[in-house]
Amino acid sequence: MLAPADPQKAVDLRLTHLRQLEAESIHILREVVAEFERPVMLYSIGKDSSVMVHLAKKAFHRGKLPFPLLHIDTTWKFKAMIEFRDKFCRENGFDLRVHTNKQGVEEGINPFDHGASKYTTVMKTHALLQALHEGGYDAAFGGARRDEERSRAKERIYSFRDRYGQWDPKNQRPELWNVYNAKINKGESIRAFPLSNWTELDIWLYIYLESIPIVPLYFAAKRPVVEREGTLVMVDDERMRLNPGEKPHDELVRFRTLGCYPLTGAIPSSATTLPEIIREMLLTKYSERQGRLIDHDEEASMETKKREGYF
Amino acid sequence: MQETELIRKDILAYLEQHQQKELLRFVTVGSVDDGKSTLIGRLLHDTHGVYEDQLKAVKRASTRAGMEIDFSLFTDGLKAEREQGITIDVAYRYFSTAKRKFIIADTPGHVQYTRNMATGASTANVAIILIDARLGVLQQSRRHAYIGSLLGIPHLTVCINKMDLEGYSEAVFNKIKAHFSEFVGQLGFKAVTFIPVSALAGDNVVHRSTGMPWYTGPTLLEHLESVPAAEDINLSDFRFPVQYVMRPDLDYRGFSGTIASGVVKKNDVISVLPSGKTTRIVAIDTQSGELEAAHAPMSVTLRLAEEIDISRGDMLVHPDNLPASGRRFDAMLVWMSERPLDRQKSYLLKHTTQRVRAEVEQVAFTTNLETLKQEPATRLELNDIGRVTIACHRPLFYDAYRGNRGTGAFILIDSLTNNTVAAGMILSGDAAPETRDSQRPPALERAHSQVSHDERAERLGQKGCTVWLTGLPASGKTAIAYALERRLFDSKRLAMVVDPDDGLSTGVQPDGSSPWQTPELARRATDAGLICVFAYASPLRADRDAIRDTVGNERFVEVHVDTKLAVRKQRAVRGDYGPGHAQPSEEAPSTPDIVVSLDDGDPELAAHAIVQVLVKRGLLPSLYSL
């Protein structure tokens, strides 16, 4: 964790900010596992999830993870993500559970016909609530960070959800020090966010420092894309609906965040190494959520989604 | 900017530099009028902590006249906050420079949000208070400084804001500084720093002001980059609350946790609390290998030389440096719930990694947040701060909060609502050595109920009470009693009837007076939260007064069943009014809660009237909920 410290020298007794964040996250991970009966970790395959799982491995270093990983598969994830997920979980011996909202699939809910907002509600929020309910989980780890979005900035590390998974921003429990309140009634649950205090830069620095594996889509490569409303959308499979006259062309792009491919914009980039990615991120003028089409639907859309049970 | 140059030209050097950064947490307090949000917006903006798209969104939404960017819009996160133009809850913000990463706990400053400031202050190294240069020191400035010191923040930074509106006057700055120094000097901060700024114009926030050449101290950001951070961690007293027992297989047994304070080395001899057993540390494990030593606030796993029974909530310490221990201690409490403190109720107390039941035995005083004077008190309400004595059902191992935030802090949880209702800071046990259990022979405490009347009332939706029906024979007491019981039951309330004539009761007196155990029975049933309806004739006032005294006036409802003689005669089945019988008489109640009768023959009407009285007396919630 830290280079061996000599207690004689006071100067050695300080942790860098990444080591402090790491220690804090490990504390949260262990606290949840110690106080809840059936925890689960939401695994979205993205870079934040990679860091969260890495921290979990550190927290329970001698044994297996004392909880399963849960992936909500909307069926619209990038192929490269699913490949990465399966290989990563197999190699580490993780207990991976995958859940899809079957009703949504039967009804043919997709991002093209139903719009980002409805699609997200059915295939992500409802799917998540189904999976949590079916698994009987009383605590779920999520990789959300407070710097991502305005309403997230107010969310607790232990975020209380009622029996319908809903968040009530006006009625949150006070949270002081690192003393967390784990008391809930049957049916209620806690979403726990070990990465709350990490920023995007911290995540990338840590991935670099610890050589954490991430999905190759984060690195620039030639990929087939079409341009829509100023956003580059990757044509990941044959389900992509092309507008008349639209023709995919190969471009050197990468992704700053990963989600469902028709909803996640790519950025032109030639960054093929972590230092290059970090450099690009530092020099960019736009926040990472800009690439996500779902947040722009309405003012405060994240808050609305979270009230409904979204992560 | 040099930083941008470095990123462009030598990203590896930049990464190297940023891996060495320190972390500093600070809390900012104040309302929009103080310019607090503007100050934070300015810090984020000038350190490039804001992206272009966020800036655009904020520019679009900026509605305040004459302002290009409303910086406060960066910080107010919730819909309701933006609609109402106020900050409701603590928000966390992040930015970093080459030297440090900063976490800002941004808290609203209104008096009713004391709990938010306490929350934000609990983890902060620095408190930033804003004073409007035009207004000088206000009561709220004092209040914020007081709460900051109560939560043990070591460094106070006072930004005297809106200096541009006072002509950047050195005299104005010095006057406010002198005035406020006098007050904060008594609060026990390690250091207090004053900085003249204009958040709106950007003077002395990130960039040095050209309007105040007389000020030679650091800008706010320079100050935040250099204020000691790591030195505030207690590294002298080793405290390791066991968080999790790691036992993946039979060969490995480690104790995981976060070092709350101090330093631990391999081969150290340690004591396990509460067992007091002593052993040696054979390894300090992390995923990346063993360490020779570890210190606060690292998360590690310790392996011990001997197999000792240790579980979550136990504490590992050095045998020559023990924490205080005991079931009772004094603490400062910040009350955070709408429901006031209930001293009869037992709460869950969470301290380090353990949870125990605890009561607040005594409130010594509350601090008046207007005058900051101590006032005698018996209770605590939302946003009150007071000194209390806590009694736990098991001993805790603790230190005074002043010297050790990790082992001196606790929260109280309401076991009915599961809400966090208070934050506690343990005071030095030395102040009241006679109350320290460790120095007292253990005394056996009588077991007593840990459920308070209020808790019961909340669960049942009713307050326990005794409804005493008194009236001459055959006036219809039992008929009314059972009608009342049915009516309450149908409204999901719990009632019971004590009917001396049900053929099961023993000890009924021929004159209708109640047996001697009745007051005790009434009290117990009432304590249990029931609405107990008694149907004794009880012609003697003294009998009824005995019941009233035992149950308590506020839980005693007296009903006089005053039915006409003609009806009574008609109803009488036992011959009370027959020939050869003395005419029954009674000492009628002089001020009953209600008088009812069976003159119209319908006990339901009487029952309904009694229910209305129960609602009026506050024993039942409301008619609508029935």
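Reading the values: the criteria
- Residues numbered from 1 in each chain as written.
- Chains lettered and ligands numbered in written order.
- Predicted model: local features only at pLDDT ≥ 70, side-chain atom pairs only at ≥ 80, totals over all residues.
- Heavy atoms only, no water.
- Helix = DSSP H or I, 4+ residues; strand = E, 2+ residues; numbered from the N terminus.
- Buried < 20%, exposed > 50% of the residue type's maximum accessible area, 1.4 Å probe, protein only.
- Contact = heavy atoms within 4.5 Å.
- Areas by Shrake-Rupley, 256 points an atom, 1.4 Å probe, with all protein chains shown as cover.
- Buried area = accessible area lost by both parts, 1.4 Å probe.
- Salt bridge = Lys/Arg side-chain N within 4 Å of Asp/Glu carboxyl O.
- Polar contact = N/O pair within 3.5 Å; in protein donor to acceptor, adjacent residues only side chain to side chain.
- Nonpolar A, V, L, I, M, F, W, Y, C, P; charged D, E, K, R; others polar.
- Pairing = 2+ DSSP bridges.
- Axes fitted to C-alpha atoms, helices over the stretch in contact; angles between N-to-C directions.
- Phe/Tyr/Trp six-rings, centres within 6.5 Å; stacked < 30°, edge-to-face > 60°.

*Asks:* What is the right way to look at the overall build of chain B in this model?
*Replies:* Across its full length, chain B carries 17 helices and 28 strands. Here chain B holds 626 residues, and 56% of them are scored as buried. Considering only contacts in chain B between residues 6 or more positions apart, those separated by 24 or more positions represent 72%. For chain B, the computed accessible surface area is about 26800 Å², with 50% contributed by carbon and sulfur atoms.

*Asks:* When you look at the interface of chain B and chain A in this model, what are you seeing that I'm missing?
*Replies:* You'll often see interface size given as the accessible area lost when the parts meet. In this complex, chain B contributes 87 residues to the contact, which on the side of chain A involves 80 residues. For the chain B and chain A pair, buried surface summed over both sides reaches about 7500 Å², with 59% attributable to carbon and sulfur atoms. Lys101(B) is the salt-bridge partner of Asp202(A), the closest N and O atoms lying 2.3 Å from each other. The tally of links from chain B across to chain A stands at 27 residue pairs in polar contact (both at pLDDT 80 or more). In terms of residues, the side of chain B that touches chain A owes the most to one element, helix 2 (residues 11-19) of chain B, which gives 6 residues. Taken together, the residues of the side of chain B that touches chain A break down into 39 nonpolar, 27 polar and 21 charged.

*Asks:* Hey, could you run me through the sheet that holds strand 7 (residues 221-228) of chain A in this one?
*Replies:* Sheet strands pair via backbone hydrogen bonds, and the direction of the pair is either parallel or antiparallel. Residues and elements named next belong to chain A. Within the closed barrel, the 4 strands sit side by side as 7-8-10-9. Their pairing is antiparallel. The average angle at which neighbouring strand axes cross in this sheet is 70°, direction not considered. Pairing analysis gives 2 bridges linking strand 8 (residues 231-234) to strand 10 (residues 265-268), with the strands arranged antiparallel. If you follow valine 233 over to strand 10, its bridge partner there is glycine 265.

*Asks:* Help me understand the sheet that holds strand 6 (residues 189-192) of chain A in this model?
*Replies:* Residues and elements named next belong to chain A. Spatial strand order, 3-2-1-4-6-5: 6 strands in an open sheet with mixed pairing. At either margin of the open sheet sits one strand with a lone partner, and together these are strand 3 (96-99) and strand 5 (158-161). Taken over all neighbouring pairs, the strand axes of this sheet differ in orientation by 30° on average, direction set aside. For strand 1 (residues 39-42) and strand 2 (residues 69-72), the ladder comprises 2 bridges, and the chain directions are parallel. Opposite methionine 41, over in strand 2, you have leucine 69 as the bridge partner. The sheet contacts of helix 2 (residues 47-59) involve strand 1, strand 2 and strand 4 (139-141), and relative to strand 1 the element is tilted by about 145°. Running over the sheet, helix 5 (residues 115-135) touches strand 1, strand 2, strand 3, strand 4 and strand 6 and is turned about 150° from strand 2.

*Asks:* I tried to follow the pattern of salt bridges on my own but got confused; where do I start?
*Replies:* Opposite charge on two side chains permits them to pair, given that their charged atoms come into close proximity. Tallied over the entire structure, the rule returns 51 salt bridges over all chains. Close ionic contact of Arg85(A) with Asp86(A) constitutes a salt bridge, the shortest N to O distance being 3.0 Å. Judged by relative accessible area, which is 31%, Asp86(A) ranks as partly exposed. Two residues, Asp132(B) and Lys162(B), come together in a salt bridge whose shortest N-O distance is 3.5 Å. Taken together, the residues Asp132(B) in strand 4 (residues 126-132) and Lys162(B) in the loop between strand 5 (155-161) and helix 9 (170-184) connect sequence positions 30 residues apart. The class of Lys162(B) is buried, set by a relative accessible area of 17%. A cluster of three or more residues bridged by salt bridges with shared partners is formed by Glu31(A), Glu35(A), Arg312(B), Lys350(B) and Arg355(B).

*Asks:* Mind showing me how you'd approach the packing of aromatic side chains here?
*Replies:* The description of an aromatic ring pair rests on the distance of the ring centres and on the angle between the ring planes. Residues and elements named next belong to chain A. Counted by the stated rule, this structure contains 30 aromatic pairs over all chains. Their ring planes at 55° and their centres at 6.0 Å tell us that phenylalanine 36 and tyrosine 158 sit as a pair that is tilted. Within this pair, whereas phenylalanine 36 is found in the loop between helix 1 (17-35) and strand 1, its partner tyrosine 158 is found in strand 5, the two being separated by 122 residues in sequence. The exposure class assigned to phenylalanine 36 is buried, which follows from its relative accessible area of 6%. A ring pair is formed by phenylalanine 67 and phenylalanine 141, whose centres lie 5.2 Å apart and whose planes are at 50°; its orientation type is tilted.

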